[in-house]
Each structure stands twice: as C-alpha cells, then as structure tokens.
Amino acid sequence: MKKLTINDRLFESITKATNDFSDTSLDKTTLQEISKKLVDYVIEVDSSHTQEANAARSLENDLYNKIR
Amino acid sequence: MVIKSIKLKNFQCYYGDKHEINFTEGLNIITGSIASGKSKLFDAFYWVLNDKIFVTGKDWVSTKSLGVSLVNDKAKYESKAIDDLIETSVEIVVKMTSERNSNPIEYTIRRQYLITRRTMQDCFDPSTWTTSPPNLIVEHVNQKNSNQEIAQGQEAKEIIENLFPSKISQYIWFQGEALDKLIDFDNKGTLRKAIDYISYVPLYKTMNNIISTVNEKISRTARKEVGKLSGNIKLYDDLTKKIEDLNKITKNNKQFVEDKLITLGEQTAQMEEVESALSALAEYPKLSEEKIEIKNDLLSTNNEIERLDIIERKRFSSLWMLYGAKNLFQTTTERLIEFEDYRQSLISKEYELPMDVPGDVYLNKMLKEELCMICDRPAKKNSEAYDNIKAKLNRKIKPEYLTPENEQINREVLTFKSKLGSLNRNYGSIKSEIIEHKTKLNELYEERKIYNEKLQVVNEDIDKLYTKRGIDVSEGAQSHSRKHGEYKALNEVIRNLNRKIEGAKASVKDADMNIAALESEMSKIQRVDNNVNVIEEKIAKYTKYLANHISEIEQKEYNKLINLIESEANMSFLDITSVNKTIDGNIKIDRETFRVLNVDDDGRELKNYNTGHYTLMKMCIINAIISLTNDYKDASYPFITDAPTSNLDDKATFAYLESISGTFEQSIVITKDISEEEIKKIKELDYISSLCFLKIKNDTGNEKMNRKDAYSIITQIKN
C-alpha cells in the first residue's frame, strides 16, 4: 500500500470533513481541484519556499483560470 | 532515514581511531556496564550534529565550554612534546531515502576538534593546550552530476537542520536523564508544544490564512463588479460600504482575538509557573520541617552509634579479650583444682605415721595391757619400754610445705581459684551482652541508613522545587509574598484578556450575522442585466465555502491527533505493562489541560504513580508522537536514546525494547540494563537487529582503571 504523503493527508482531511463536499451544490470537481492547489501551496509555505501572501496570489490566479 | 555508522577518534573515553559501529534498520542495542563509555557514545551522536553534549547537573554544554575535556585522556597523556596535535572527531553516515528521490542519498557528517600542546605542564590542565573551534563538514554525492559535494560551516548546519529538524530532534534523540525536562506532565503546554513541533496540524492555520485572504479579496472584487450592474447603485454602494466596514471590524477583531490568545497563552504559562512556585513554597515548609526532623533523628542515631561504637567498644574489647581467654582460664582452674586436691592429699598425710610406727589407738592398747604388741614383750608401767611406747603417742609428721609462708600462698591460690570459678560462671552473660550490643549497633546502622535515604529523598524534593518549579525556596516568606503579588496581577490580566477575547468573539459573531443580513438585502436588489456573468461572484462562492470549512477542520484534526496519540501510547503501554504487574492503568490525555494522566478502566485517576510509571508513560507518549510524526510527515527519523529504561525492571525493559522495535524504522538504544551474561540470550532475539558491547580496558594489566591508560572498546556482537 502506498504511504500517504502530507499532501494526501491534508487533502483527505478536507474532503472527509465535508463528506466529499456533499453539503454544497457547488461543483465537486472544482472544489477538489481548488483544495489540492491549496494543499500544495501550504506545503510550499511550510517548507519556507513561499510566503503566505504569495501563495494566496497564486491560488487566486488558479481560481480565475479554473472558474469561468 | 537510517544512520549507517558512527566512527570515533579520541572522543572522550574512546582512544585512537579504531572505534566504529555499523547500524542496521530496526532495533540496535548498545550495552555495557557502568563507566564503559555508553553515555559518551550518546554524546558523540549528539555532538557531531549539535556541537554540544548533555552534562548531568549542567544541562547542555557546548564544545567551547567543554574544551580539552572532550579529548581522550590517554591521547593527551601520551603527548610528549610541545606542538603535539591531537584530533578528536566523530563521523556519522546517514542514508536518506525519500519518495521524491528514488536513489537514497548518503550524507557523511563529520565534526572535528583539534588541540595543540603549548606547554609541558600537566597534560590534563586545560591551560596546557591551545584549542581551535570545531570544524563541521557534510559530504554527499550530488545525484544530478554525481559530484562529491562538500558543505562546511553554515551550509553544513543547514543540511543537518534539514535532515534532523532541531524542533523534532529533541524528541527523537534524548537521554533518559533529560526526559523530565522534555515531557513535563505538570506543564499544560508540553504536549501541545510537542504536537505543534512534530505534527502537521499547524498547517491548517496556514491553509486557513491563505484561503481567507483569497476569499476576502475575491469577495470584495465580486461586490464591486456586481455593484456596477445594480439597479439601485446607491443602495448597493451603501450596503457594500457597510459590509466592508463590518469586514474590517471582523478582521481586526479576529486579529485581536488571535493576538490576545497568544498573550493569554503566555500569561497562562506564566500563571502556571507562579502557581507551581506557590505550591512549591507551600510544600517547602513541610519538606523543610521533615528535613529538620530527619536530621535530628539522624543526629541522635549517630550519637547513639558513637556512644556504643566508641565508648562501649573499649569495654567490650576487654570483655572480648576475657571471653577469648575463656579456655586458658578454664584450664588454669582445672590445674588449680588438681593442685588443691594434691595439696589436700598431702595434708591428709600430715598425721600419717610411718609404716613401722603404730597409731595412738594401738599404743594406748599396748599401754593398757602393758605389753609391746610389736615385739610381744612386757612393758610394765614406768618401765623404759612403757615410756618408749608412751613417747610414741601424739606423734605427727609435719611436712615442709605446710610452713606458714606456703600456707599464705595457698590461701591466695584458693582466692584466685574461686575468682576464676565465678568468671567461668559469667562467660555466658558476657557473650549474650556482646551479641546484644552488636545487634543494637547493627539496628542503629540500619536506622541511620534509612534516615540517610529519607534525607536524600527530601533533599531531592527540595531540589526539584528549585529546578522544576523555578523557585528559590531559601527566600521563604519574601519569595512567597512576591509570588503571591505576581499571582494576583496575572489573575487580573488573564481575567481581562478573557473578557476582551469573549467580547471580540461576540463582535465577530454579530458582524457575521449583520454581514449575512446585508448580503441578503443586497441580493434582492435587481440587476440591470442578468445575463452578465461576474466571475468573482462565482469564485467567491467556492472560496467562502472552503474558508468556512477549513477553520473547522483545524480543531477536528487536532482532536483526532490527540485521540491517535492516546490510543497509540496505550497500545505500547499495554504491551509493556502486561509483563509488569506493578504498573497498571491506562494513559489519558486531558483534553482541556493537555495533562497526561494514569487512569483506571473507569477513567478515574490512579494516584499510586512511581518513577517507573512516569518514565513508561512518557516513553509511550513520545513513541506515539514520533510514530505518528513519521507517518504524518512522510519522514522517518532514527530514534536514539541513552538509558531510557533505568527505572524499569528487566521484564518491562525488554517489553519496552520490543515495543519500540516495531515503532521505528531504526532505533539505537544505549542501555546498561543488559548484563554480559545475558548477551548470548539476547543475541538470539528476533526483534534485535544489531548488538554491541562496550567495555573499559587498559594495556597495563592493572585491574584499577586509570584515566592515563584506560579506554573504551566496542565489540560488535550481532549485525
């Protein structure tokens, strides 16, 4: 069995907490993609490669590209 | 990550450069008797990475402070000339495997310390040597170009920090003695701090900050863009302004709550210290009184011992001598009795007539019959024969030894004989008196031992008041008054902070409700063109949804992690305690205070803790945290500990070792708990991957080890 990475665990905790986003009518795939991006940025911030504000800007750009 | 080997050169008790241990994955045991170099080996591990070692009573001490004491004594002693250079070094090879890199990277970490002889004075005197700052080198092969990369100084430190993050390393590399400092169950913050250091739970806060920032910005842009399409721009702008103001208030209040919570945490920690100090001050008089009582008891016991031991010893030494001469005196008495018998026999001979002389009875008969019955001739009265017979009457032989002088000596001998007789009768009582004395003295020695042990315990308790609670108890009332003042002030500050935090939280809640109401009102305003798609409005729905959820997840995940730590710690605790009936109960982490408790099956706190209990609970909690960290952080760190089991019995020690063998990818345990005789048996245990035995020796053949010639040797028994 493949060992879960921190990214996997963080992402899993988001989806599990919302029961796979079952409490919203928003698009599940989009929510999953945003969550994955968010988790990646958090890991980057944790490893001191990026600052929080820069991560927020990058995520904002991703959101514009993803949601039209 | 696995430590492959360690090499030591002239490091403390390791003389020369022939000391190397190769490690494997799994449980590696290093054992040896007292003073065989076990703790020095742990020091070597710590020193190579951190440039410092743990010294009992001094805490962590740097190379600079340690100076030449770090260098092997035999090597120093063998130096015979000025400018002699001695190198002390420790080198470890670490194999790093990660999912990102398919090939493992091997890092060789070496710290070197050089000293040069400047005078020919005492080689153990630090002033005899000139020292250089330690040199740190980290080497590895670059996987991209296969070049050997060499890092020194700051760059090398950064690689080490990357391999063994300093916040984590204290939990994975520790000495049994430092355990109390590391996990202090009386301190509410200990566990929280440990979790923050080694779990990813703090990442949720970062996640929340990022998504909230995006949500705030996108929502603001969305309102702006939607406002342009509004059928009632004035009302829309009005509502937007109100929402923006409320958002500002909410943001400020949230920041305020966050800041104040940090301050509250600091103040609460201070308050705990003050409470602890106050309780220490309250404990001190009792301990002090107990100490005085024990000292008084000890003093009177010592006086009694002195009286019995010194004064009485004189008397008993005479009695012992007397008792020892018992046989001599008994023989003398027997001889005197023999002498007296002989004397009496001589006395009885005093009146004995010679064989040729008849006795008085016979003579009187002869006189009466006027006849010599010896020659059978007549002996008429007044005849010569008659007179001759009469002259024989009352005739005694007086022996020479019955002279008055001899009789005087005989009387003295008789007195001596009677004294010896009474002495013989007293031997029984002398013996019982001496035995009674010895018994009493032994009882007093035992009593003194108990008092000394009690005194040591009280002294340790008093010392703990200072070291653990940080209070100088000698200041007494003055300190109490100051601490009480601090307590009152902190209490007031904490009450105010709590009030302000609750106020700010209530404002946030109110503002959220007002924003929701305003947004509802805003959504009712007709748009001039319903076909225009505002992208930010759409994005904001996602960001708002995620921002709300992630703030809830942080707390949930934290609680989940506490549950996992508790459950994992209890699994090890159960394994270990199943072989030791004196330790029981379960580990419970109080969710409010984060204190770690030992409870029964019904959750009631057990009060019969002892040092072994505490140690085991702490070890199990650490094992659980590290095990989960390895799991959570996608990293595995080698677990290295010195003397973790000194408070446990043999069964619990092996149960503990078996437990950690299954917890960590690699663990290196340095322990004195395995005797030389047990090694053969242990070698066969499946869960022990490698086994090393340390021993102190010298080349002189002397049994007594001297710092000039003694050194530790490593024997690899299983690998």
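Numbering of residues begins from 1 in every chain and follows the order in which that chain's sequence is written. Chain labels run from A onward and ligand labels from 1 onward, assigned in the order the entries are written. Whole-chain, interface and lining totals are the exception, using all residues; otherwise, since this is a predicted model, local features are given only for residues with pLDDT of at least 70 and side-chain atom pairs are given and counted only at 80 or more.

1. Considerations on the overall build of chain A
Okay, step 1: For the purposes of this entry, the term helix denotes a DSSP run of H or I that reaches at least four residues, the term strand denotes a run of E that reaches at least two, and both are numbered from the N terminus. Across its full length, chain A holds three helices and zero strands.
Okay, step 2: Reading chain A from its N terminus to its C terminus gives the helix and strand order α-α-α.
Okay, step 3: By residue count, 28% of the 68 residues in chain A fall in the buried class.
Okay, step 4: Two residues qualify as a contact pair if the distance between their C-beta atoms, derived from the backbone, is within 7 Å. Counting only contacts in chain A whose residues sit at least 6 apart along the sequence, the fraction spanning at least 24 positions is 47%. Counting other C-beta atoms within 10 Å of its own, a residue is labelled buried from 20 upward, exposed at 12 or fewer, and partly exposed in the gap between, with every C-beta atom placed from the backbone.

2. Looking at the overall build of chain B
Okay, step 1: Scanning chain B from terminus to terminus reveals 18 helices and 19 strands.
Okay, step 2: Long-range contacts, defined as pairs at least 24 residues apart, comprise 71% of the intrachain contacts of chain B with a sequence gap of at least 6.

3. Some points on the interface of chain A and chain B
Okay, step 1: With 29 residues of chain A at the contact, the number on the chain B side is 28 residues.
Okay, step 2: Broken down by secondary-structure element, the contributors of at least two residues to the side of chain A that touches chain B are α1 (6-17), α2 (28-46) and α3 (52-66) of chain A.
Okay, step 3: Ranked by residue count, the leading element in the side of chain A that touches chain B is α2(A), at nine residues.
Okay, step 4: Note on residue classes: Ala, Val, Leu, Ile, Met, Phe, Trp, Tyr, Cys and Pro are nonpolar, Asp, Glu, Lys and Arg are charged, and everything else, Gly too, is polar. Residue classes in the side of chain A that touches chain B are distributed as 17 nonpolar, six polar and six charged.

4. Points about the confidence of the model for chain B
Okay, step 1: Known as pLDDT, the predictor's per-residue confidence is scaled from 0 to 100. Of all residues in chain B, 88% have pLDDT values of 70 or greater, and the mean over the chain is 82.
Okay, step 2: The ipTM for the predicted assembly is 0.96, set against a pTM of 0.61.

5. Some thoughts on the pairing of strand β1 (residues 2-9) of chain B
Okay, step 1: Whether two strands pair depends on DSSP finding at least two bridges between them. Relative to strand β6 (residues 85-96) of chain B, β1(B) is paired through seven bridges, and the arrangement is antiparallel. Bridging from a neighbouring strand, B:K7 pairs with B:E91 of β6(B).

6. Section: the confidence of the model for chain A
Okay, step 1: Looking at chain A, pLDDT values average 87 and 96% of them are 70 or higher.
Okay, step 2: Ranking the elements of chain A by mean pLDDT puts α1(A) last, at 86, and α3(A) first, at 93.

7. Digging into the nonpolar core
Okay, step 1: The term nonpolar core refers to a group of buried residues, namely Ala, Val, Leu, Ile, Met, Phe, Trp, Tyr and Cys, whose C-beta atoms join them within 7 Å. Formed by 82 residues in total, the largest nonpolar core has its most connected members in B:A44, B:C620 and B:I621.
Okay, step 2: Apart from the residues within four sequence positions on either side, B:C620 is in contact with B:A569, B:S572, B:F573 and B:I587.
Okay, step 3: Listed in part, the 31 residues of the second largest apolar core include A:I34, A:A56, B:V214 and B:I539.

8. Topic: the pairing of β6(B)
Okay, step 1: Note: β6(B) against strand β7 (residues 105-117) of chain B, twelve bridges, orientation antiparallel. Bridge pairing links B:V94 to B:Y107 in β7(B).

9. Quick notes on helix α17 (residues 650-661) of chain B
An α-helix turns once per 3.6 residues; consequently, residues spaced three or four apart project the same way.
Okay, step 1: Under the convention used throughout, the expected extent of a helix is 1.5 Å for every residue step, that is, one less than its residue count. Taking 1.5 Å as the rise per residue, α17(B) with twelve residues should run 16 Å; its terminal C-alpha atoms sit 16 Å apart, in good agreement.
Okay, step 2: Counting buried residues in α17(B) gives nine out of twelve residues, a clear majority hidden from the surface.

10. Some remarks on the packing of helix α11 (residues 360-369) of chain B against helix α12 (residues 384-391) of chain B
Residues and elements named next belong to chain B.
Okay, step 1: An axis is simply a line fitted to the C-alpha atoms; with a helix, the fit covers only the stretch in contact. Between two such axes, the angle follows the N-to-C directions and lies from 0 to 180 degrees. One can describe the packing of α11 onto α12 by two numbers: an axis separation of 9 Å at closest approach and a directional angle of 160°. The pairing of α11 with α12 is recorded here as roughly antiparallel in orientation. For the crossing formed where α11 meets α12, the hand is left-handed. Of the residues in α12, those touching α11 at L363, M366 and L367 are Y386, I389 and K390. We call two directions roughly parallel when the angle between them is under 35 degrees, roughly antiparallel when it is over 145, roughly perpendicular when it lies between 65 and 115, and oblique otherwise. Left-handed describes a crossing whose near helix is turned anticlockwise from the far helix through less than a right angle; right-handed describes the clockwise counterpart.

11. Remarks on the environment of B:G662
Okay, step 1: Relative to the helices and strands, B:G662 resides in the loop between α17 and β17 (666-671).
Okay, step 2: Taking the C-alpha atoms as reference points, B:G662 and B:S627, separated by 35 residues in sequence, lie 9.7 Å from one another.

12. Things to note about unusual backbone geometry
Okay, step 1: Positive phi is not limited to glycine here, since A:F21 has a value of about 55°.
Okay, step 2: Mapped onto the elements of the fold, A:F21 is located in the loop between α1 and α2.
Okay, step 3: Non-glycine residue B:E370 carries a positive phi angle of around 50°.
Okay, step 4: One can find B:E370 in the loop between α11 and β12 (371-372).
Okay, step 5: Assessed through the 15 C-beta atoms surrounding it within 10 Å, B:E370 is described here as partly exposed.

13. Here we look at the environment of B:K651
Okay, step 1: Mapped onto the secondary structure, B:K651 falls in helix α17.
Okay, step 2: Spatially, the C-alpha atoms of B:K651 and B:V579 are 6.1 Å apart, while their sequence positions differ by 72 residues.

14. Description of the packing of α1(A) against helix α15 (residues 535-577) of chain B
Okay, step 1: In the contact formed by α1(A) and α15(B), the axes pass within 10 Å of each other and the chain directions differ by 110°. In terms of axis orientation, α1(A) runs roughly perpendicular to α15(B). Two secondary-structure elements touch here, α1(A) through A:S13, A:I14 and A:A17 and α15(B) through B:H549, B:I550, B:E552, B:I553, B:K556 and B:E557.
Okay, step 2: Each residue belonging to the contact of α1(A) with α15(B) can be placed in one class, and the counts come to four nonpolar, two polar and three charged.

15. Section: the environment of A:A17
Okay, step 1: By secondary structure assignment, the location of A:A17 is in helix α1.
Okay, step 2: With sequence-adjacent residues up to four places away left out, A:A17 is seen in contact with B:H549, B:E552, B:I553 and B:K556.

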